[in-house]
Amino acid sequence: MSGAATEPMTVIETPRLRLRTASVDDAAFFLGLVNEPTWLATIGDRQIHTVDAARAALETGPIAQQQELGYSFYIVEHRADNVAIGMCGLIKRATMPGPDIGYALLPAYCGQGLAWEAAASVLRHARDVLCLPAVYGLVSPQNQPSINLINKLGLRFERFSRQPIVGKDINIYRKSFS
């Protein structure tokens, strides 16, 4: 993949955050994020254990999806210091009728309203810019903080399911924009 195809682009700015497209240069950050104990407990082990594996996962995941669909998981940066603090965005899964929202922050940035700020901005972008009819949320029934955030964002419980992509039981939530 050429370097030009992976140059980061700011997609959304909020008062405290910048959400930008992922780049292969984010591989070390991504490796750390997907191996955080909270990620492993709530999202699962993606078997990404080297910088090269993280780079490949970014190329075939968020970078490819952004190029194909015009949306993806974005790198969330703190605007005050341009430090990457997490990811938030949309993913289109073959098992879902529409894209679902996802978010994960490094533990040092949790509990400050930053996940809500990022996720609410992604939902506005989905509605106002991407003109999507709906967005879904996939949440483990044991992940109460994420369930609280999904509810605060206005997504409503739709059904319980076993999703092969995440390999566990999940609650499916939905927010319609039409």
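Scroll up to find the structure this text is about.
The rules behind each value
- Residues numbered from 1 in each chain as written.
- Predicted model: local features only at pLDDT ≥ 70, side-chain atom pairs only at ≥ 80, totals over all residues.
- Heavy atoms only, no water.
- Helix = DSSP H or I, 4+ residues; strand = E, 2+ residues; numbered from the N terminus.
- Polar contact = N/O pair within 3.5 Å; in protein donor to acceptor, adjacent residues only side chain to side chain.
- Contact = heavy atoms within 4.5 Å.
- Pairing = 2+ DSSP bridges.
- Buried < 20%, exposed > 50% of the residue type's maximum accessible area, 1.4 Å probe, protein only.

Chemist: Whenever I open this one, the side chain of Ser146 confuses me. Can you help?
Modeler: Considering the arrangement of structural elements, one finds Ser146 in helix α5 (residues 144-152). Within polar-contact distance, the side chain of Ser146 engages the side chain of Tyr103 at 2.7 Å. Setting aside chain neighbours within four positions, we find Ser146 in contact with Tyr103 and Val139.

Chemist: I would appreciate a short explanation of the pairing of strand β1 (residues 10-13) in the present structure.
Modeler: It is a general feature of regular strands that their side chains alternate between the two faces of the sheet. With three bridges connecting them, β1 and strand β2 (residues 17-20) associate as antiparallel partners. Directly across from Glu13, in β2, lies its bridge partner Arg18. Between β1 and β2, which pair antiparallel in sequence order, lie three residues.

Chemist: Sorry if this is basic, but what is going on with the environment of Asp52 here?
Modeler: With respect to the helices and strands, the residue Asp52 is situated in helix α3 (residues 51-69). With relative accessibility at 57%, the residue Asp52 sits in the exposed group. Between the C-alpha atom of Asp52 and that of His78, which follows or precedes it by 26 residues, the distance is 25 Å. Only 2.7 Å separates the side chain of Asp52 from the side chain of Arg55, close enough to count as a polar contact.

Chemist: Hey, could you run me through the side chain of Arg93 in this one?
Modeler: Inspection of the secondary structure assignment puts Arg93 in the loop between β4 (83-91) and β5 (100-105). Arg93 sits in the buried class, given a relative accessible area of 13%. Within the structure, Arg93 has its side chain in polar contact with the side chain of Asp100 (distance 2.8 Å).

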